[in-house]
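Structural description and commentary
Below are the chains, spelled out letter by letter.
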Amino acid sequence: TINNNEFAKISIDKPAVRSIEESIFVRGEKRGNITVNYHEDREFMKEERYLISSISKMMGRVAERFELQEKQKQYMQQLEQQVAERVKDLDKSRMRYKTLFDNAPSGIFISSGEDELLTGEEGGIITANRAFYKMLKYPEDGSIKPHILKDNLYVNPANRDYMFNQLKTKGYLTDYEFDLKARDGSIITVSGSSIRYEEDGKTYYETMLKDISEKMKLEKKLLKQKEHLEDMVKKRTEVLARQRDKLMVMNRKCKNTSEELRRSINKMQTLFNAITDTVISIDRDFLILMTNQSQENIGRKCHEILFDSHETCKKCPAVHAINRRKPASIEVQEGDRYYQLQCYPIFDEQGNVEGVIEWAKDITRDKNLCDQMLQADRLASLGQLVSGIGHEINNPNTFILGNMKIIHEAFNDILPVLDD
């Protein structure tokens, strides 16, 4: 081994005559040279060349191993830093999970595998949150842990068997409803969802429970109300069916009555239209409501139609019939024509006069005959006139009086139907 000063001194005192050089490569990259100088003029031996080449290769491998070790150290430091960060994140995640687990509103518990449950190892339930203990009325701090088998938590053991079979087959189970027994012996209906997982070669089950006892009570109450409503609807339907049958019977009767009434009205209308004298029905304002003459006259004043006058007749019998509420009659002369006006009041349901039926009979011929008979023989003519007038007046009166009862009964029958 020669230090730099000695080497420099030798180099200055004895300059190199011959030299040999080998490059140092590290992973294919040239990193330096090994140079050997002779201060004498002689050839390098084959062994010397091989030795220098071997030294250069060995130095390249040493440098490569050194660099790999340095990179490995850096990688290990980075890996340790990443592991530390992952551990830190994992701790945070575990803390968040623990916080969620402990403060979840639904009951959560972790139990061991089915074989361990059957042997009673670890008490069946490994850990649970406060909501689970509160739901089953155990101390919330977990100082007393229930055992699934010993404490008979499942009211129906078949539910537990079904859950384990499903978890073994599918690995999960969702929204399965069953009953649990609380510490005080009360029954709690829950909806459970479970998953199956393995850790350290052991099988565990994590189950989340939601208390649906109130929901089930409400559903039962609603079911009873529904059944009660259905029963009421059924009874009401039967009542409506009976009423419908009654209405059908009444409808047929009303239809028959309507047909009879229609035929009766047609008959009455035929009789009404067959009267040769003018018969009209007017309201309290003397407007024509019905007539056996031209229907174009409906809505006009009676005195306009009968006497072509725009003023009410003097001593109008309709006025007397309305005011006195009883029939009135008057003889009217219009030019050389004579008319017998007879008015009959029409009463409404309250007994008020709502209109008048007027019967206008042309008695001009009778008057003329009477005058002629008076000229021939006053006494005989007077007797004949009285007899003739009486006879002519009594005929329609007799007809009207004979049919008034029928008309009255018909209207008494039809008015309630029309009101309905």
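This is a predicted model, so every value here is computed, not measured.

Procedures and definitions
- Residues numbered from 1 in each chain as written.
- Predicted model: local features only at pLDDT ≥ 70, side-chain atom pairs only at ≥ 80, totals over all residues.
- Heavy atoms only, no water.
- Patch = residues over 30% accessible without salt bridge, like charges linked within 9 Å, V, L, I, M, F, W, Y side chains within 5 Å.
- Areas by Shrake-Rupley, 256 points an atom, 1.4 Å probe, with all protein chains shown as cover.
- Salt bridge = Lys/Arg side-chain N within 4 Å of Asp/Glu carboxyl O.
- Lys, Arg positive; Asp, Glu negative; His and termini not counted.
- Charge placed at Lys NZ, Arg CZ, Asp CG, Glu CD.
- Helix = DSSP H or I, 4+ residues; strand = E, 2+ residues; numbered from the N terminus.
- pLDDT = per-residue confidence, 0-100.
- Contact = heavy atoms within 4.5 Å.
- Pairing = 2+ DSSP bridges.
- Axes fitted to C-alpha atoms, helices over the stretch in contact; angles between N-to-C directions.
- Phe/Tyr/Trp six-rings, centres within 6.5 Å; stacked < 30°, edge-to-face > 60°.

The subject of this paragraph is a negative patch on the surface. Residues Glu 349, Glu 354, Asp 419 and Asp 420 make up a contiguous surface patch of negative charge. Locating Glu 354 in the fold gives a position in strand E12 (residues 353-362).

Here we take up the confidence of the model for the protein. Taken as a whole, the protein shows an average pLDDT of 80; of its residues, 91% reach a score of 70 or greater. For residues 1-10, every residue scores under 50 in pLDDT, and the model assigns this stretch three contacts once sequence neighbours within four places are set aside.

Along the chain, Ser 106 falls in the loop between helix H2 (46-103) and strand E3 (107-112). When neighbours within four sequence positions are excluded, Ser 106 is seen to be in contact with Asn 129, Ala 131, Met 208 and Leu 209.

So, about a nonpolar patch on the surface. On the surface, a cluster of nonpolar side chains totalling about 420 Å² of accessible area is made up of Tyr 75, Met 76, Leu 79, Val 83 and Val 87. Relative to the assigned elements, Leu 79 resides in helix H2.

Take the sheet that holds strand E7 (residues 202-211) next. Pairing between the strands of a sheet comes from backbone hydrogen bonds, and it takes one of two forms, parallel or antiparallel. Strand order in the open sheet formed by five strands is E4-E3-E7-E6-E5, with antiparallel pairing between adjacent strands. Sheet topology places strand E4 (125-128) and strand E5 (172-181) at the edges, where each strand pairs with a single neighbour. Neighbour-to-neighbour, the strand axes of this sheet turn through a mean angle of 30°, independent of strand direction. Summarising the sheet, E3 and E4 pair through three bridges and their orientation is antiparallel. Counted as the bridge partner of Phe 109 is Ala 128 from E4. Taken strand by strand, H2 contacts E3, E4 and E7, and its axis lies near 110° from that of E3. Each of E5, strand E6 (187-199) and E7 touches helix H5 (residues 157-170); the most contacted strand, E5, lies at about 165° to it.

The description of two aromatic rings rests on the distance between their centres and on the angle between their planes. Summed over all chains, the structure comprises eight aromatic pairs. Considering the side-chain rings of Tyr 154 and Phe 178, the 5.4 Å spacing of their centres and the 25° angle between planes classify their relative orientation as stacked. Of this pair, Tyr 154 sits in the loop between helix H4 (130-135) and H5 while Phe 178 sits in strand E5, and the two are 24 residues apart along the sequence. A connected cluster of aromatic rings, assembled from ring pairs, spans Tyr 154, Tyr 162, Tyr 176 and Phe 178.

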